[in-house]
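Chains, contacts and geometry: an overview
Below, each chain spelled out in residue letters.
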Amino acid sequence: MTLYTILFYVLAVVIVAATVLAITRRNMVHAVIYLVVSFFGSALLFYLFGAPLLAALEVIIYAGAIMVLFLFIIMMLRDVNLLEKLFPLSQWAPAAVMAVVYLVVGTVLILTDPGARAPLTGAVATPREFGRFVFENHWLAIEIVSLLLLIALVGALYLGKLSRKSAAPQSEGKP
Amino acid sequence: MIVSFGHVLVLSGLLFLLGTVCAVARRNLIMILLGVEIMLNAATIAFVGAALRWHDMEGQVFVLFIFAVAAAEVSVGLALIIGMYRRTGSIDPNNFNLLK
C-alpha cells in the first residue's frame, strides 16, 4: 500500500458517493452541485494517472462549462422540480436485478482476468509532449472536432430561434 | 505502483452503471442528460487508466475527443429541451406525445 494506492481508493469512494447522491436528488440544482464534486474527483484521478492536461480540461470543460450550462437551464425553467413521479417498483425491479447481475458478473470477470491484475506504474504525459503527440498524429481529427463544435453551435442557435418563433403565438393565447 | 488495472475498470463500470440508472429511471429530461454525462465521464476514466496501463498516449487523445463530443452533445441537447419546454410547458418525457 503506497500513498498513491490509498489516494486512489479515497478518490474512488468520493466519486461514487457523490454520483450516487447526485442521481437520487429530487432537486436538480443539488444534483448538479454533487456532480461537480464527482467531476473534481475525476480530475484528481486523472492527475494521479499522469494526465495533468486532461485534469485541467476536466475541471474547465466538465465542472466549469457543462455543469454551469445545466445550472443556467435549470434556473430558466420554472417550478419543474416539484412533482417528478418515479416509476412504480414493479416496473423497475427487473432492470435493477439485471443491473446487479451485470455488476457482479463484470466485477468477477475483471478481477479473475490475469491481464487486469497488471499493476499500473507511474508515468506522466506532460502537456508539452501530449500537445506535440496530438498535433503530429491526429491533426485531421482535431480539425473535424472543431467543425463538429461549430455545427453544434449553429444547431443550438437555430433550435433556440425556432422554438421562440413557434412558441410565441401560444404564449400570447394564454391568460 | 498505484493500483491494479482491474480496480480502475471496476470503478469505471460502476460509474457507468450509475449513469445508466440515472438515464433510465428518472422521468426528467435534464436528469436523463446528466446520466449521459456520467456515462461519458466513466468512459474517460477507463481510457485514462488504459493509457497508463500500456504507457501509450492514444488513450488520452481519445479522452480529448470525448470532451469535445460531450460539449457538443450537451449544448444541442439543452437547446432541444428548452424548445420542448416552450412548446409543452414541461420537461417530463411522458408529455411529449404529439404523434400519438
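Residues numbered from 1 in each chain as written. Chains lettered and ligands numbered in written order. Predicted model: local features only at pLDDT ≥ 70, side-chain atom pairs only at ≥ 80, totals over all residues.

1. Digging into the overall build of chain A
Of regular secondary structure, chain A possesses six helices and zero strands. The linear arrangement of helices and strands in chain A, starting from the amino end, is α-α-α-α-α-α. Against the globule reference of 16 Å for 175 residues, chain A gives a C-alpha radius of gyration of 22 Å, more extended than a compact globule. Principal-axis analysis of the C-alpha atoms gives chain A an extent of 65 × 50 × 25 Å. For chain A, buried positions account for 20% of its 175 residues. Within chain A, contacts between residues at least 6 apart in sequence are counted, and of these 53% link residues at least 24 apart. (Helix = DSSP H or I, 4+ residues; strand = E, 2+ residues; numbered from the N terminus. Rg over C-alpha atoms; globule rule 2.2 N^0.38 Å. Buried ≥ 20, exposed ≤ 12 C-beta atoms within 10 Å, placed from the backbone. Contact = placed C-beta atoms within 7 Å.)

2. Some words on the interface of chain B and chain A
Opposite the 57 residues of chain B that make contact, chain A presents 71 residues. Elements with a contribution of two residues or more to the side of chain B that touches chain A: helix 1 (5–25), helix 2 (29–53) and helix 3 (58–88) of chain B. For the side of chain B that touches chain A, the element with the most residues is helix 3 of chain B, which contributes 22 residues.

3. Structural notes on the nonpolar core
Counting residues in hydrophobic clusters, the biggest one holds 66 residues, and the most contacted among them are A:Phe46, B:Ile30, B:Leu34 and B:Val48. Looking at this core element by element, the count peaks at 14 residues for helix 2 of chain B. Discounting residues that sit within four places of it in the chain, A:Phe46 has contacts with A:Ala51, A:Leu54, A:Ala55, A:Glu58 and B:Val48. (Core = buried A, V, L, I, M, F, W, Y, C linked by C-beta atoms within 7 Å.)

4. Considering the confidence of the model for chain A
For any part of a model where pLDDT is low, the fine detail of the predicted coordinates should not be relied upon. All names here are of chain A. Of the residues in chain A, 90% have a pLDDT of 70 or more, and the chain-wide mean is 85. Predicted confidence in chain A is weakest over helix 6 (residues 139–173), with a mean pLDDT of 81, and strongest over helix 2 (residues 28–48), with 94. With pLDDT under 50 throughout, residues 170–175 is counted as low confidence; its partners more than four residues away or in other chains account for zero contacts. (pLDDT = per-residue confidence, 0-100.)

5. Quick notes on the packing of helix 1 (residues 3–24) of chain A against helix 1 of chain B
The contact between helix 1 of chain A and helix 1 of chain B brings their axes to 10 Å, and the two run at 5°. As the angle between them shows, helix 1 of chain A and helix 1 of chain B are arranged roughly parallel. For the pair formed by helix 1 of chain A and helix 1 of chain B, the contact residues are A:Ala12, A:Ile15, A:Val16, A:Thr19, A:Val20 and A:Ile23 on the first element and B:Leu11, B:Leu14, B:Leu15, B:Leu18, B:Val21 and B:Cys22 on the second. Tallied by class, the residues present in the contact of helix 1 of chain A with helix 1 of chain B amount to eleven nonpolar, one polar and no charged. (Axes fitted to C-alpha atoms, helices over the stretch in contact; angles between N-to-C directions. Parallel < 35°, antiparallel > 145°, perpendicular 65-115°, else oblique. Nonpolar A, V, L, I, M, F, W, Y, C, P; charged D, E, K, R; others polar.)

6. What to know about helix 3 (residues 52–76) of chain A
One turn of the α-helix equals 3.6 residues, which is why residues spaced by three or four share an orientation. For helix 3 of chain A, built from 25 residues, the straight-helix expectation of 36 Å at 1.5 Å per residue is met to within 8% by its first-to-last C-alpha distance of 35 Å. Turning to helix 3 of chain A, the residues buried within the fold contact helix 2 and helix 5 (127–137) of chain A together with helix 2 and helix 3 of chain B. (Expected span 1.5 Å × (residues − 1).)

7. Some points on the packing of helix 2 of chain A against helix 2 of chain B
At their nearest, the axes of helix 2 of chain A and helix 2 of chain B sit 11 Å apart, and the two run at 5° to each other. Classified by the interaxial angle, the pair formed by helix 2 of chain A and helix 2 of chain B is roughly parallel. In this structure, helix 2 of chain A uses A:Met28, A:Ala31, A:Leu35, A:Phe39, A:Ser42, A:Leu45 and A:Phe46 to contact helix 2 of chain B, whose residues at the interface are B:Ile30, B:Met31, B:Leu34, B:Asn41, B:Ile45 and B:Val48. Of the residues contributing to the contact of helix 2 of chain A with helix 2 of chain B, the split by class is eleven nonpolar, two polar and no charged.

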